[in-house]
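Each chain, letter by letter, is given below.
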Amino acid sequence: MLAEFEKTNGQSFDPRDLIHKTIGNVVMKILTGVTYDYDDLEFSRVMTNTVRVFTLLGEAGILASIPALAAIPSPTKWKIIKAWEEIYGFLKEIIERRKARFDTNQKATDFMGSFVKAMCAKGTEIGPASCDEINLMVSSFDLLLAGWDTISTTLAWGLHTLASYPEAQRRVHQEIKDVIGLDRLPQFSDHHSMPVTMATIAECMRFRPTLAVHIPHVATQDCKIGGYDIPKGGQITLNMWYLAQSPNIWKEPQEFKPDRFLNEDGEFDRKIDPLSFGTGRRVCPGEPLARTEIFLCLTYLLQRFTFSLSEGTLKNLPTHFSLTNQPKAYQIHAVKIA
Ligand code: HEM
């Protein structure tokens, strides 16, 4: 990632594709232990298909929330199924290759390896019954889809926002210089000593929420939420866009103010949570991974580059609503810190 950013040599570029490929490789490394060259055709195809599923699920969300509409065949539905099948095909091929070469004595170093090992141990005392091929496929699919576009969208917004607010970016640069320095790479444990960076990330996620509307849930019984009667079978979802922009919750919500996440002692205030990952029993299970990747990617980049908006790129960038709330095309400069 760093080498690719450096190649832009301070010229105007759109970082979204590079960010997407970087995060895709992190997901693939966790899942399969393999990373891909950025121009690899197989990698590009799976990336195109995951983006397509996310984009189409945005359109299809309206259909899915009204049962009568969800039942009607539609071109969107067919396109989702086609992209979905291609991703399954890609994963199935990798799983078959892994199974064929699997050595039970080998130490598993990635998700698929660990899962295949558990499948082999099935029926023994240590082998859980749920470790079968269907579960491996579905879990891999979830990790690939949920762990890719969400993080790259958050980072794409993060870079645009930091390029739009140079003073906020300067403060993060300063903190990186003070805490990490320029001679070693950032580590996630650095976050304990970096309240300004943590507050800036939290504010980036409030300011431009990755999911404008959270995943819908269905009531399993009649209940009351916030004074409203919810009948059994009723759908409930969280309007994150409203929560993030509500003047009832945030002072001057239209302003980008990382300080709102710092307490009087200048510490990162964990109690103020913009609920970017949901809450309760169905809170996002990928939250720790997402927080780690977001912190590391941004600190790696800001340790080396200063970002600014290119001429003609709007500070108030329009959004493209898919399942995630993606930034439309934009251009920035990445100037190497001497
Ligand atoms: C910035 C990145 C991310 C954001 C903003 C995000 C946000 C969310 C939100 C809001 C939900 C719904 C929570 C609810 O229903 O209350 C969710 C669910 C979920 N997320 Fe994430 N997520 C992110 C990254 C990830 C990653 C990296 C993974 C996997 C490694 C992941 C896997 C999942 C799964 C499997 C669910 C469904 C959980 C369930 O239904 O019980 N997410 N996420």
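Source: prediction; values computed, not measured. (Residues numbered from 1 in each chain as written. Predicted model: local features only at pLDDT ≥ 70, side-chain atom pairs only at ≥ 80, totals over all residues. Heavy atoms only, no water.)

Enquirer: Talk me through the overall build of the protein chain; I want residue IDs and the actual numbers.
Expert: Along the backbone of the protein chain there are twelve helices and eight strands. The C-alpha atoms of the protein chain give 22 Å as radius of gyration, which agrees with the globular expectation for 338 residues (20 Å, within 12%). In terms of overall dimensions, the protein chain has a C-alpha envelope of 55 × 55 × 40 Å along the principal axes. Looking at the protein chain as a whole, 42% of its 338 residues are labelled buried. Of the contacts made within the protein chain by residues no fewer than 6 positions apart, 67% connect residues no fewer than 24 positions apart. When the accessible surface of the protein chain is split by element, carbon and sulfur atoms take 57% of a total near 18400 Å². Each charge sign in the protein chain was given a centre, from 37 positive and 39 negative side chains, and these centres are 2 Å apart. (Helix = DSSP H or I, 4+ residues; strand = E, 2+ residues; numbered from the N terminus. Rg over C-alpha atoms; globule rule 2.2 N^0.38 Å. Buried < 20%, exposed > 50% of the residue type's maximum accessible area, 1.4 Å probe, protein only. Contact = heavy atoms within 4.5 Å. Areas by Shrake-Rupley, 256 points an atom, 1.4 Å probe, with all protein chains shown as cover. Lys, Arg positive; Asp, Glu negative; His and termini not counted. Charge placed at Lys NZ, Arg CZ, Asp CG, Glu CD.)

Enquirer: Outline the packing of aromatic side chains, listing residues and values.
Expert: Under the counting rule described, the total for this entry stands at 14 aromatic pairs. Arranged with centres 5.8 Å apart and planes meeting at 55°, the rings of phenylalanine 111 and phenylalanine 115 form a pair that is tilted. Highlighted residues: phenylalanine 111 and phenylalanine 115, both in helix 6 (residues 111–120), separated by four residues, approximately one helical turn. Judged by its relative accessible area of 29%, phenylalanine 111 falls in the partly exposed class. The exposure class of phenylalanine 115 is buried, given its relative accessible area of 11%. With a centroid separation of 5.9 Å and 85° between ring planes, the pair formed by tyrosine 165 and phenylalanine 207 is classed as edge-to-face. Here phenylalanine 207 lies in helix 10 (residues 195–207) and tyrosine 165 lies in the loop between helix 8 (149–164) and helix 9 (166–179), a separation of 42 residues in the sequence. For tyrosine 165, a relative accessible area of 22% translates into the label partly exposed. The exposure class of phenylalanine 207 is buried, given its relative accessible area of 5%. Linked through ring pairs, Phe5, Phe13, Phe305 and Phe307 together constitute an aromatic cluster. Looking at arginine 206, its charged tip hangs above the ring of tryptophan 250, at a distance of 5.5 Å from the centre. (Phe/Tyr/Trp six-rings, centres within 6.5 Å; stacked < 30°, edge-to-face > 60°. Lys NZ or Arg CZ within 6 Å of the ring centre and 35° of its normal.)

Enquirer: Account for helix 10, with residues named and values stated.
Expert: The end-to-end C-alpha distance of helix 10 is 18 Å, a good match for the 18 Å that 13 residues give at a rise of 1.5 Å each. Burial of helix 10 is extensive: twelve of the 13 residues sit out of reach of the surface. Among all positions in helix 10, only Val196, Thr197, Met198, Ala199, Thr200, Ile201, Ala202, Glu203, Cys204, Met205, Arg206 and Phe207 are buried. The inward-facing, buried residues of helix 10 abut helix 8, helix 9, helix 11 (240–245) and helix 12 (287–304). (Expected span 1.5 Å × (residues − 1).)

Enquirer: Go over the domain arrangement of the protein chain with me, naming the residues and quoting the values.
Expert: Under the domain assignment used here, the protein chain contains domain 1 (1–11 + 150–212 + 241–338) and domain 2 (34–146). When each unit is reduced to the centre of its C-alpha atoms, the spacing between domain 1 and domain 2 is 29 Å. The interface of domain 1 with domain 2 comprises seven residues on the first partner and six residues on the second. Considering only the surface of domain 1 that becomes buried against domain 2, Thr150, Ser322 and Leu323 emerge as the three largest contributors, covering 57% of it. Counting every contact that joins domain 1 to domain 2 gives zero salt bridges. (Domains from an automatic or database assignment. Buried area = accessible area lost by both parts, 1.4 Å probe. Salt bridge = Lys/Arg side-chain N within 4 Å of Asp/Glu carboxyl O.)

Enquirer: Provide a residue-level description of the nonpolar core, including the pertinent values.
Expert: Core analysis: the biggest nonpolar cluster contains 62 residues, and Phe5, Leu159 and Phe307 have the highest contact counts within it. Structurally, this core is a two-domain feature, drawing no fewer than three residues from each of domain 1 (1–11 + 150–212 + 241–338) and domain 2 (34–146). Not counting chain neighbours up to four residues away, the residues in contact with phenylalanine 5 comprise Phe13, Pro15, Leu18, Ile19, Leu159, Leu301, Phe305, Phe307 and Ala334. Listed in part, the five residues of the second largest apolar core include Ala199, Ala202, Phe261 and Leu262. (Core = buried A, V, L, I, M, F, W, Y, C linked by side-chain atoms within 4.5 Å.)

Enquirer: Please provide a residue-by-residue account of the coordination of the iron atom of the ligand, values included.
Expert: Its sole protein donor being Cys284 (SG), the iron atom of the ligand sits 2.3 Å from that atom. Note that cysteine 284 resides in the loop between helix 11 and helix 12. (Donors = N, O, S within 2.8 Å, 3.2 Å for Na, K, Ca; no water.)

Enquirer: I'd like to hear about the layout of surface pockets, residue by residue, with values.
Expert: Empty space within the second largest pocket amounts to approximately 290 Å³. Elements represented by at least two residues in the lining of the second largest pocket include exactly helix 10 and helix 12. Classifying every residue of the lining of the second largest pocket gives eleven nonpolar, two polar and three charged. (1 Å grid on protein atoms, 1.4 Å probe; cavity = no way out; pocket = protein on both sides within 12 Å on 5 of 7 lines; lining within 4 Å. Points joined across faces, edges and corners; volume = space filled by probe spheres on them. Nonpolar A, V, L, I, M, F, W, Y, C, P; charged D, E, K, R; others polar.)

Enquirer: Can you tell me about the site of the ligand, naming the residues and giving the values?
Expert: In the vicinity of the ligand lie 21 residues, with Leu143, Thr154, His217, Arg282 and Cys284 positioned nearest. The side chain of histidine 217 places a nitrogen or oxygen atom 2.5 Å from an oxygen atom of the ligand. Take arginine 282: an N or O atom from its side chain is 2.6 Å from an oxygen atom of the ligand. Residues belonging to the shell around the ligand are distributed by class as follows: eleven nonpolar, nine polar and one charged. (Near = heavy atom within 4 Å. Polar contact = N/O pair within 3.5 Å; in protein donor to acceptor, adjacent residues only side chain to side chain.)

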